[in-house]
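The residues making up each chain are set out below.
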Amino acid sequence: MSERLIRGPLLHCLGEPDKDEAAVDYQPDALLWVQNGLVHKMGNYESIVKELSPTQLSKVEDCSQYLMVPGFVDCHIHYPQTEMIAAYGTQLLEWLNSYTFPVESGFKDPAKAAAVSKVFIDQLLNNGTTTALVFCTVHPESVDALFTEAQKHNMRLIAGKVMMDRNAPDNVLDTAQTSYHQSKQLIDRWHGVGRLQYAVTPRFAPTSTDEQLAAAGRLLAEHEGVYLHTHLSENVDEIEWVKALFPKAKNYLDVYDQAGLLGKRSVFAHSIHLCDSECERLAETDSAVAHCPTSNMFIGSGLFPMQRLQDHGIKIGMGTDIGGGTSFNMLQTLADCYKMQQLKGNNLSPEQSFYLATLGGAKALDMDDKIGSFAGGKEADFLLLDPNATDLLKFRTSHCEGWRDLLFVLQTLGDDRVIAQTNVMGVAH
Ligand code: GUN
Ligand code: ZN
């Protein structure tokens, strides 16, 4: 049996802070007891220490200078775009043609896909992200490479082959038939293997025919537990294009709805410019939205109406959206999230932000029974955050009063230097 015993301050959410003031659990002196990769017990050190044998007591790791938190959950990211992060000067549709499609065409080569997968998984773990929902490319080789790398780290990863059969260069296109068969093969090969799960991944409505979207719907209907991952209503030119391509659809979301793509394991990235009936339909079907603030500002897509979506009861998680987004780091993503909501007159609380990056993300991915908090029996994916990671942080956090203040300072000033240790199923990366 493998075991870890870690003593130190700990913070996690038991529910949604905006809805329940008691949803945040802060313990200034906690013991996290991990057995075989799962949370065996967590609570006040003094109340648990009596249960430890002398041998176990000698193994307790003193982490009193850190803050223990659950691993971050990234609900939308593209691994092939790692090499084109920070591409200058365009908005979505031109950005796709100028930068994205040329880069993605290279992932038919398994050696290239394997090399980028390694860089990508290292970046996720170095930044404290232990679970991610990931776009690959149209090439099945890109999916095999990513899952193979994630498997080496025992990471909880959901990914899928992009389906796209029109409006892009030939070297990144498939057909309705090949996308169906290749996705099916990949589901059979990877879905449910260890901690890996598959997402049926039509890129977005403009690059799929009705026939291909129907094939995506068939894949979902035929494979219980598989996810749906796509983009929705990100950019105003994109929305106009969808209207022209699908004149019979009631709205953008309806294109996906008609194909049977909505549900509790469906994640729609961005969802910025939605009408009320789209919001209602997302809530009704228990579909989730991935909010990607660094991307929405970097490629000029718009300001996410978080409060409005929350009022509709829509599940929301955070996404970095690399390479439209500009950071792998969830703290930096939360910093931009806060600033964007300020522009909308919404003073997002530090605990609600923290929830979105942990338990809220887990709920958005329908995995809150497994990850997102330190509840007993959950998988022990967790981080040690260092409030003294930089000179400025050391100075600023020495003036913090309480966990809420500390959390907000870490979110606002922190980056990968704050992530002192990332643990996957109790194992340090
Ligand atoms: N919409 C369709 N494809 C993409 C993509 O690769 N990135 C983003 N941000 N939006 C998209
Ligand atoms: Zn994206």
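Residues numbered from 1 in each chain as written. Chains lettered and ligands numbered in written order. Predicted model: local features only at pLDDT ≥ 70, side-chain atom pairs only at ≥ 80, totals over all residues. Heavy atoms only, no water.

Undergrad: Describe the nonpolar core, with residues and values.
TA: Counting 104 residues, the largest nonpolar core has Tyr79, Leu157, Val200 and Tyr256 as the members making the most contacts within it. When residues in this core are grouped by element, the largest group, 6 residues, is from helix α4 (residues 110–126). When near neighbours in sequence (up to four residues on either side) are disregarded, Tyr256 contacts Phe204, Ala205, Leu213, Thr230, His231, Leu232, Leu261, Leu262 and Phe268. (Core = buried A, V, L, I, M, F, W, Y, C linked by side-chain atoms within 4.5 Å. Buried < 20%, exposed > 50% of the residue type's maximum accessible area, 1.4 Å probe, protein only. Helix = DSSP H or I, 4+ residues; strand = E, 2+ residues; numbered from the N terminus. Contact = heavy atoms within 4.5 Å.)

Undergrad: So what's going on with the coordination of the zinc ion (ligand 2)? Which residues, and what values?
TA: The protein atoms donating to the zinc ion (ligand 2) are His76 (NE2), His78 (NE2), His231 (NE2) and Asp321 (OD), with metal-donor distances spanning 2.0 to 2.3 Å. For the zinc ion (ligand 2), the 4 donor atoms are set out with angles of 89 to 171° between them, so the coordination reads as irregular. Of note, the donors binding the zinc ion (ligand 2) are all from one chain and are spaced H-x1-H-x152-H-x89-D. Residue His78 is found in strand β6 (residues 72–78), and its partner Asp321 is found in the loop between β14 (315–318) and α13 (330–343); the two are separated by 243 residues along the sequence. (Donors = N, O, S within 2.8 Å, 3.2 Å for Na, K, Ca; no water. Tetrahedral: all angles 85-135°; square planar, octahedral: opposite > 155°, others 65-115°.)

Undergrad: Tell me what's going on with the environment of Pro9, and back it up with residues and numbers.
TA: Checked against the element boundaries, Pro9 lands in strand β1 (residues 3–13). For the pair formed by Pro9 and Pro350, sequence separation is 341 residues and the distance between their alpha carbons is 17 Å.

Undergrad: Describe helix α8 (residues 236–245), naming the residues involved and giving the relevant values.
TA: Residue pairs three or four apart in sequence face the same way in an α-helix, which turns once every 3.6 residues. When we look at burial in α8, the residues that qualify are Glu238, Ile239 and Val242. Seen from one end, α8 has its buried residues packed into an arc of 100°, which puts them on one side. Within α8, the exposed residues directed more than 90 degrees away from the buried face are Val236, Lys243 and Ala244. Buried-residue contacts for α8 involve α3 (92–104), β11 (227–232) and α9 (252–258). Of the residues flanking the start of α8, the one acting as N-cap is Asn235, its side-chain oxygen 2.8 Å from the backbone nitrogen of Asp237. (Arc of directions from axis to C-beta. Polar contact = N/O pair within 3.5 Å; in protein donor to acceptor, adjacent residues only side chain to side chain.)

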